[in-house]
Amino acid sequence: MTTMKSVVGAASGCEVDWHSLDWAQIHQTVKKLQMRIAKATREGRYGRVKALQWILTHSFSGRAIAVKRVTENQGKKTPGVDKVVWDTPELKAEAVMSLKKRGYQPQPLRRVFIPKANGKMRPLGIPTMKDRAMQALYLQALEPVSETKADPNSYGFRPMRASRDAAEHCFKALARKNSAQWVLDADISGCFDNINHDWLLNNIPMDKVMLQKWLKSGFIWKGQLFNTEAGTPQGGIISPTLANMTLDGMEEMLRKRYGAKWSKEATKHKVNLIRYADDFVITGTTKEVLEEVRELMVEFLKDRGLTLSEEKTKIVHIEEGFDFLGWNVRKYDGKLLIKPAKKNVQTFLRKVRGIIKESKTVKQENLVKMLNSVIRGWVNYHQNQVAKETFSKVDNVIWKQLWQWACRRHPNKSAAWVKSKYFIREGLRNWVFGTAVENDKGEKETVKLVIASDTPIKRHVKIKGAANPYDPDFEMYFENRLGLSMKESLRGRNRLLYLWYSQDGMCLKCGEKITKDTGWNLHHVLPKAQGGDDNMNNLELLHPNCHRQHHSRERK
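If you're wondering where the values come from, they're calculated on a predicted model, not measured in any experiment. (Residues numbered from 1 in each chain as written. Predicted model: local features only at pLDDT ≥ 70, side-chain atom pairs only at ≥ 80, totals over all residues. Heavy atoms only, no water.)

With respect to the overall build of the protein
Move 1: For the protein, the helix and strand inventory stands at 20 helices and 18 strands.
Move 2: Taking 2.2 N^0.38 as the reference for a compact globule, 556 residues should give roughly 24 Å; the C-alpha atoms of the protein span a radius of gyration of 26 Å, in line with that estimate.
Move 3: Principal-axis analysis of the C-alpha atoms gives the protein an extent of 75 × 70 × 50 Å.
Move 4: Here the protein, with 556 residues, has 48% of them falling under the buried criterion. (Helix = DSSP H or I, 4+ residues; strand = E, 2+ residues; numbered from the N terminus. Rg over C-alpha atoms; globule rule 2.2 N^0.38 Å. Buried < 20%, exposed > 50% of the residue type's maximum accessible area, 1.4 Å probe, protein only.)

Written out as structure tokens, the structure is:
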């Protein structure tokens, strides 16, 4: 049990614990403040913005959501240099009270390296749990500003946007016969590592003292402390938003030089910017136009301490094509096709081969589960592009690898014996890698490998450039998009889909939206231990945390 302030934030202490918090009220409080911050930003009332940001970052609700975020994301079990994780309700409750600006000093980042697609290593800085929570707290106050002022066609690390939106924008900008024929394929050298600290402190509308502390916190590598003189740490929760805000303004600069959309000047030059974080491409009618654009970009980035890579930045004709976000964008005889890039396919197959190679003694059902998660993730990323042929080729390569895996396990058995043991018949298919296993109920069920080419190709609908989740005018628009995406992600799970619609897409405990990102748990209204059953009228969808909270209260 931990003494805390009231949910809204300013009242005297009262006895509550983590599972007693009214998350519906907490989310409502923060959302209202964020909407007011966005409105003040649209009206240009930056004094009001600053005052509302102060209220949010000092509120109990803001602190509670910050702790909830860092204790429920993928890095919740990854400690910083202090080796501390908040993995119990008591620690989470204490953490909420500890998030105060007065006396706060961030600790250095824990430096780790992860492999990049090109074989090189990418440095990441892992903050402590408290530093992550403080960044998450101030990000709640900064994000309404960044979303309101962001470039319309920026898609990376922004709520409700994804790489498939960038791909669809490429298609719209390049697919027609009279579309631009040339593309500036740009690459910024070490964007996150080189952003000028002075520029950030002078231009990011947030608490300057807190921002400077994070920028100058340094990192520890092999027991030694290193200072950071430039850049935002890759690994910090707030870093992607800082990088996006650093690069925002590109579209406005191009608009001033080449005209507003649909103007005579814009129609003549056909200059379009498509940006995903620090990866971007710019279209143009001629190579000369894009040479000029490149010079404008060099000047734009120079003020921010950034440069274009001379080696990787190039101007290409659309019939030559270019790679962008794991896809190859190219015209074939006048028809634009966006396919999985060769490098992306090779990286995926290398990962699959690695899993199979390391699983020489693993049970077949366990190997299938490991492969299925990797295949599904890769296939879902590419399912909106021209990928059917690539999916078939990938299926063939994976099948050959698995046949070799099976034969190596039984070198003295015949091919017919190996086939009967590891491959099953399904419909017209006679070579499906799978097996029958016994589930928890003692029933037999089939565990089989996902077939990539079975995934239907579906065209993605690009998000509107002006769409802002902190603008009430777009509320219905985002609800419609959420409904479409949930239908696809729950395809074939009719019971879950029915529940989601019957609840209007909301968690029945906290009233917040249920999405792919939040996740969901199936909950029995009347527990089965008390006679409940699995009929639809006894089931509901809850957020994972709300589900845990409900059962915690029941136990008490």
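Anyway, onward from the coordinates.
Some details on the sheet that holds strand β13 (residues 335-340)
In a beta sheet, neighbouring strands are held together by backbone hydrogen bonds and run either parallel or antiparallel to one another.
Move 1: Pairing is antiparallel across the open sheet formed by three strands, whose spatial order is β11-β12-β13. Looking at strand neighbours, the two that pair on one side only are β11 (322-324) and β13, the edges of this open sheet. Strand-to-strand twist across the sheet, computed as the mean angle between neighbouring axes with direction ignored, equals 30°.
Move 2: In terms of strand pairing, strand β12 (residues 327-332) meets β13 through six bridges, oriented antiparallel. The residue of β13 that forms the bridge with N328 is K339. (Pairing = 2+ DSSP bridges. Axes fitted to C-alpha atoms, helices over the stretch in contact; angles between N-to-C directions.)

Quick notes on a nonpolar patch on the surface
Move 1: Residues F113, M121 and W221 make up a contiguous nonpolar surface patch of about 280 Å² in total accessible area.
Move 2: Structurally, the position occupied by W221 is in strand β6 (residues 219-221).
Move 3: Relative accessible area serves as the criterion here: at 32%, W221 is assigned to the partly exposed category. (Patch = residues over 30% accessible without salt bridge, like charges linked within 9 Å, V, L, I, M, F, W, Y side chains within 5 Å. Areas by Shrake-Rupley, 256 points an atom, 1.4 Å probe, with all protein chains shown as cover. Salt bridge = Lys/Arg side-chain N within 4 Å of Asp/Glu carboxyl O.)

What about the environment of T313?
Move 1: With respect to the element layout, T313 can be found in the loop between α13 (287-302) and β10 (314-317).
Move 2: Residue classification places T313 among the buried residues on the basis of a relative accessible area of 5%.
Move 3: C-alpha separation for the pair T313 and R294, spaced 19 residues apart in sequence, amounts to 9.1 Å.
Move 4: The contact partners of T313, leaving out residues within four places of it in the chain, are L184, D185, A186, D187, R294 and L308.
Move 5: Of the polar contacts made by the side chain of T313, one reaches the backbone nitrogen of D187; its length is 3.2 Å.
Move 6: Looking at T313, its side chain comes within polar contact range of the main-chain oxygen of S309, at 2.8 Å. (Contact = heavy atoms within 4.5 Å. Polar contact = N/O pair within 3.5 Å; in protein donor to acceptor, adjacent residues only side chain to side chain.)

Considering the side chain of S179
Move 1: Looking at the secondary structure, you find S179 in the loop between α6 (163-174) and β5 (182-187).
Move 2: Engagement of the side chain of S179 in a polar contact is seen with the backbone nitrogen of R176, the distance being 3.0 Å.
Move 3: Here S179 is in contact with A173, L174 and K270, once residues within four sequence places are set aside.

Brief notes about the packing of aromatic side chains
For any two aromatic rings, the description comes down to two numbers: the centre-to-centre distance and the angle of the planes.
Move 1: By the definition in use, this model includes 19 aromatic pairs.
Move 2: Measuring from centroid to centroid gives 6.1 Å for F474 and Y477, while their planes differ by 75°, and the two rings are edge-to-face. Per residue, the accessibility class of F474 equals that of Y477, and both read buried.
Move 3: Three or more aromatic residues joined by ring pairs form one cluster here, namely W399, W403, W405, Y422, F423, W431 and F433.
Move 4: R257 extends its terminal NZ or CZ atom over the ring of Y258, reaching a point 4.7 Å from the ring centre.
Move 5: Lying over the aromatic face of Y332, K339 brings its terminal NZ or CZ to 4.7 Å of the ring centre. (Phe/Tyr/Trp six-rings, centres within 6.5 Å; stacked < 30°, edge-to-face > 60°. Lys NZ or Arg CZ within 6 Å of the ring centre and 35° of its normal.)

As for the sheet that holds strand β15 (residues 429-438)
Move 1: Pairing within the open sheet is antiparallel, and its three strands lie in the order β14-β15-β16. In this open sheet, the two strands that pair with only one neighbour each are β14 (423-426) and β16 (444-448). Between one strand and the next, the sheet's axes are offset by a mean angle of 60°, whatever the strand orientation.
Move 2: Both β15 and β16 contribute to a ladder of five bridges, which runs antiparallel. By the bridge assignment for β16, G434 is matched with K448.

Concerning the nonpolar core
For soluble globular proteins, the rule of thumb is that nonpolar side chains tend to be buried together.
Move 1: Among the nonpolar cores identified, the biggest contains 79 residues, and I204, F280, I282 and V293 are the most heavily contacted of them.
Move 2: Broken down by element, the residue count for this core peaks at nine residues, all from helix α5 (residues 129-149).
Move 3: In contact with V293, other than residues within four places in its own chain, are L184, L254, Y258 and I282.
Move 4: By size, the runner-up hydrophobic cluster in this structure holds 30 residues, among which are F348, L367, A406 and V418. (Core = buried A, V, L, I, M, F, W, Y, C linked by side-chain atoms within 4.5 Å.)

Points about empty space enclosed by the protein
Move 1: For the coordinates displayed, the defined rule picks out three cavities of 30 Å³ or more.
Move 2: Its boundaries defined by the atoms lining it, the largest cavity holds a volume of some 70 Å³.
Move 3: Lining the largest cavity are E143, S146, E147, A150, F157, R158, P159, T241, N244, M245 and D248.
Move 4: For the lining of the largest cavity, the secondary structure elements donating two or more residues are α5 and α10 (239-247).
Move 5: Its residues placed into classes, the lining of the largest cavity shows four nonpolar, three polar and four charged.
Move 6: Viewed by domain, the lining of the largest cavity spans two of them, domain 1 (23-149 + 199-229) and domain 2 (151-195 + 234-339), each represented by three or more residues. (1 Å grid on protein atoms, 1.4 Å probe; cavity = no way out; pocket = protein on both sides within 12 Å on 5 of 7 lines; lining within 4 Å. Points joined across faces, edges and corners; volume = space filled by probe spheres on them. Nonpolar A, V, L, I, M, F, W, Y, C, P; charged D, E, K, R; others polar. Domains from an automatic or database assignment.)

Details of helix α1 (residues 23-42)
Move 1: Taking 1.5 Å per residue as the helical rise, α1 with its 20 residues ought to reach 28 Å, and the 28 Å between its terminal C-alpha atoms agrees with that figure.
Move 2: Restricting attention to buried positions, one finds in α1 the residues W23, A24, I26, H27, T29, V30, L33, Q34, I37, A38, A40 and T41.
Move 3: Among the residues trailing α1, G44 stands out with phi positive, at a value near 75°. (Expected span 1.5 Å × (residues − 1).)

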